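Each chain is listed here by its residues.
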Amino acid sequence: MWGAIEQLEKVQARLRKVEMEADQFRVNGYSKIEHEKLNLINSTYKILEQLENYKNKIIHFEQQRVINQV
């Protein structure tokens, strides 16, 4: 019987260890997802800013073209 109790205690300790590892894996996974999400948001803002600059350059160019035609 004592052998069975010792085995149960070992299994319980192993289970606790595996649960802690799973929690850590989950936390790391969420952190990585959040980091990737922020990178995506930042790159999207940069692209939008570039498009806005490009649009403004086109508007300026077209305004100059119209002025030159007058």
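What counts and what doesn't
- Residues numbered from 1 in each chain as written.
- Predicted model: local features only at pLDDT ≥ 70, side-chain atom pairs only at ≥ 80, totals over all residues.
- Heavy atoms only, no water.
- Helix = DSSP H or I, 4+ residues; strand = E, 2+ residues; numbered from the N terminus.
- Rg over C-alpha atoms; globule rule 2.2 N^0.38 Å.
- Buried < 20%, exposed > 50% of the residue type's maximum accessible area, 1.4 Å probe, protein only.
- Areas by Shrake-Rupley, 256 points an atom, 1.4 Å probe, with all protein chains shown as cover.
- Lys, Arg positive; Asp, Glu negative; His and termini not counted.
- Charge placed at Lys NZ, Arg CZ, Asp CG, Glu CD.
- Salt bridge = Lys/Arg side-chain N within 4 Å of Asp/Glu carboxyl O.
- Patch = residues over 30% accessible without salt bridge, like charges linked within 9 Å, V, L, I, M, F, W, Y side chains within 5 Å.

1. Looking at the overall build of the protein chain
Thinking step 1. The helix and strand inventory of the protein chain stands at 1 helix and 0 strands.
Thinking step 2. For 70 residues, the compact-globule estimate of 2.2 N^0.38 gives 11 Å, and the C-alpha radius of gyration of the protein chain, at 30 Å, exceeds that figure by more than 25%.
Thinking step 3. The principal-axis extent of the C-alpha atoms belonging to the protein chain is close to 105 × 10 × 5 Å.
Thinking step 4. A burial count over the protein chain gives 0% of its 70 residues as buried.
Thinking step 5. Here the protein chain displays about 7,000 Å² of accessible surface, and carbon together with sulfur accounts for 62% of that area.
Thinking step 6. When the 11 positive and 10 negative side-chain charges of the protein chain are each reduced to one mean point, those points stand 5 Å apart.

2. A closer look at the pattern of salt bridges
Thinking step 1. If you walk through the whole model with that rule in mind, you get 4 salt bridges.
Thinking step 2. Residue Lys55 pairs with Glu52 through a salt bridge whose shortest N-O separation is 3.2 Å. Linking Lys55 with Glu52, this pair stays in helix 1 (residues 2-69), spanning 3 residues, or about one helical turn.
Thinking step 3. On the accessibility criterion, Lys55 (40% relative accessible area) is partly exposed.
Thinking step 4. Judged by relative accessible area, Glu52 falls into the partly exposed class, the value being 38%.
Thinking step 5. The salt bridge involving Arg65 is made with Glu62; its shortest N-O contact spans 2.6 Å. Of the two residues, Arg65 and Glu62 both sit in helix 1, 3 residues apart, roughly one turn of that helix.
Thinking step 6. Among the residues examined, Arg65 registers a relative accessible area of 39% and is labelled partly exposed.
Thinking step 7. Residue classification places Glu62 among the partly exposed residues on the basis of a relative accessible area of 31%.

3. Some thoughts on a nonpolar patch on the surface
Thinking step 1. A surface patch of nonpolar side chains, about 600 Å² in accessible area, is lined by Leu38, Ile41, Tyr45, Ile47, Leu48 and Leu51.
Thinking step 2. With respect to the helices and strands, Ile47 occurs in helix 1.

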